[in-house]
Amino acid sequence: MEIISTVVVLVVKSLIFILGMFLAAAYLTLIERKFAGHVQQRPGPLHVGFHGLLQPIADALKVLTKEDLVPNNVDKVLFYLASLMAFVPAIMILAVIPFGDPIKIFGFEIKPYITDINVGLILALAFGSISIYGVIFAGWASNSKYPMIGGLRKAAVLIGYEVALGFAMVGPIMMAGSFSLREIVQAQEGFFGAFIWYQPLAFIVILFAILAETGRTPFDVQEAEAELVSGYNTEYSGMKFGLFPLAEWYIGTFVLSAIAVILFFGGWKGPHIFGAFSPFIWFFLKVFMMFMFFLWVHWTLPRYRVDQITEIAWKVMLPLSLLNIFITAIIIMVKG
Amino acid sequence: METGYFGLAVFFILAVVIGAALLILNRLLAPRTPEPYEGYPYECGVPIYDKTTWTTIDQKYYLLGLLLVLFDLESAFVFPWAVIFKEVAQVASGFIFTEMFIFLLILILGYIYAWKKGALKWQ
């Protein structure tokens, strides 16, 4: 009996997380388009609902009812698999993100996370790297020039920033002494306990790595519209296409922002000024600020060339993150 | 109760199911209007020149790919060290520090060698 109830609770919780993420991602598209509009001095979505509030729903319906085109020469299995391979790893990171401490409502203990395993951060890192297969499969399976070049470029960008990202995460791990995201948050006490004060180098490296992993502008060579039409998803249409930007630009950026908030800004911690739900409010506020920072970078900066990107990764970011490990080790030893 | 990896597996299955359901829903809902050129690969409106891209492509970052394997393996060794560092540093700080940095130093030497040889350049 107990195992059945566990499964039911897990399924319901997972459904809430996944569908909630979908809804959030849908409205993040609206926020991004509004933001982009105002950056470029135009109103953005305006006509569907009040100031475009229903635009995400209209977009979802449109994407779902577009013809499911499969070009002639593609590898059909990989072509469909690529959409899934981009989407599933991006949302899997959500499973290890804790949104707060367990709370008690009507006598039930509710845990605002799917699972708290002791290698949470490594899993997040692993899923982040797996998501590259979606892009490469899409580029390969399309059997067309622009997707191919886009996929290969993304691979070049990712193999550089993956190493830097891994080493940059070592700093906060050393401070917290754990891979579990929940324990990392608990290790950050108070305003000056947040790891951002001790790990500014790691934070800079991780900012760059997140921009590169989610393909946002200084690093969006894989879909550079001016050169590659739309990059790796040129041949895609309908929902197969819809999953790519959803996974990469919205779900990916959201969950990686959440990881950055957990590592450096104390996760859900903050003054209890919003009552019982203040941990959630603080967490979402911080993640939202991170997300808006990425949007700000995306819509104001020009793009690097692909060779510049890989050289920044290997010649600047990797030494910086190694230096950060060294400094952190010495500080911990001196402080005892 | 603690769900551990079981929770992860359930989440994974649901994520795959929902992703696949969206693709299938698209296929069921969408109209199908065959057009002679709808399966044509994108090529700026001119007749397609290369029939396929599944040929040999010059990859500019082959050496970087090799270095990735090296450094990712290295980070796999650094992670466990990082987790216990704070604990062990209280009893034997010099030992755990020098041990890891001898390991890192060897790899940093290799990294400097690769840099000097021009392996980090986009070729």
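Residues numbered from 1 in each chain as written. Chains lettered and ligands numbered in written order. Predicted model: local features only at pLDDT ≥ 70, side-chain atom pairs only at ≥ 80, totals over all residues.

Asker: Describe the interface of chain B and chain A, with residues and values.
Answerer: Frequently, the measure chosen for interface size is the accessible area removed from exposure when the parts meet. Contacts between the two partners involve 57 residues from chain B and, on the opposite side, 64 residues from chain A. Going through the elements one at a time, helix H1 (4-29) and helix H2 (62-117) of chain B are the ones with two or more residues in the side of chain B that touches chain A. When its residues are assigned to classes, the side of chain B that touches chain A shows 37 nonpolar, 14 polar and six charged. (Contact = placed C-beta atoms within 7 Å. Helix = DSSP H or I, 4+ residues; strand = E, 2+ residues; numbered from the N terminus. Nonpolar A, V, L, I, M, F, W, Y, C, P; charged D, E, K, R; others polar.)

Asker: An account of the domain arrangement of chain A is needed here, citing residue identities and associated values.
Answerer: Residue and element names in this part refer to chain A. Domain assignment breaks chain A into domain 1 (1-65) and domain 2 (68-335). If you average the C-alpha positions of domain 1 and of domain 2, the two centres end up 19 Å apart. For the side of domain 1 that touches domain 2, the secondary structure elements donating two or more residues are helix H1 (2-39) and helix H2 (55-64). Here the element with the most residues in the side of domain 1 that touches domain 2 is H1; it accounts for 13 residues. (Domains from an automatic or database assignment.)

Asker: Account for the confidence of the model for chain B, with residues named and values stated.
Answerer: On average, residues of chain B carry a pLDDT of 80, and 94% of them reach 70 or more. As scored by the predictor, the complex reaches a pTM of 0.87 and an ipTM of 0.82. (pLDDT = per-residue confidence, 0-100.)

Asker: An account of the environment of Gly267(A) is needed here, citing residue identities and associated values.
Answerer: Residue and element names in this part refer to chain A. For Gly 267, the position within the fold is in the loop between helix H10 (238-264) and helix H11 (278-300). The buried category is assigned to Gly 267, around which 28 C-beta atoms lie within 10 Å. Gly 267 sits 15 residues away from Trp 282 along the chain, and the two C-alpha atoms are 7.9 Å apart. Ignoring anything within four residues of it in the chain, the contact list for Gly 267 reads Val 185, Val 261, Ile 262 and Phe 283. (Buried ≥ 20, exposed ≤ 12 C-beta atoms within 10 Å, placed from the backbone.)

Asker: Describe unusual backbone geometry, and please don't skip the residues or the numbers.
Answerer: Residue and element names in this part refer to chain A. In this model, Gln 41 sits at a positive phi of 55°, which is unusual for a non-glycine residue. Here Gln 41 is to be found in the loop between H1 and H2. One non-glycine residue with positive phi stands out, namely His 51, at about 50°. Given 14 C-beta atoms within 10 Å, His 51 falls into the partly exposed group.

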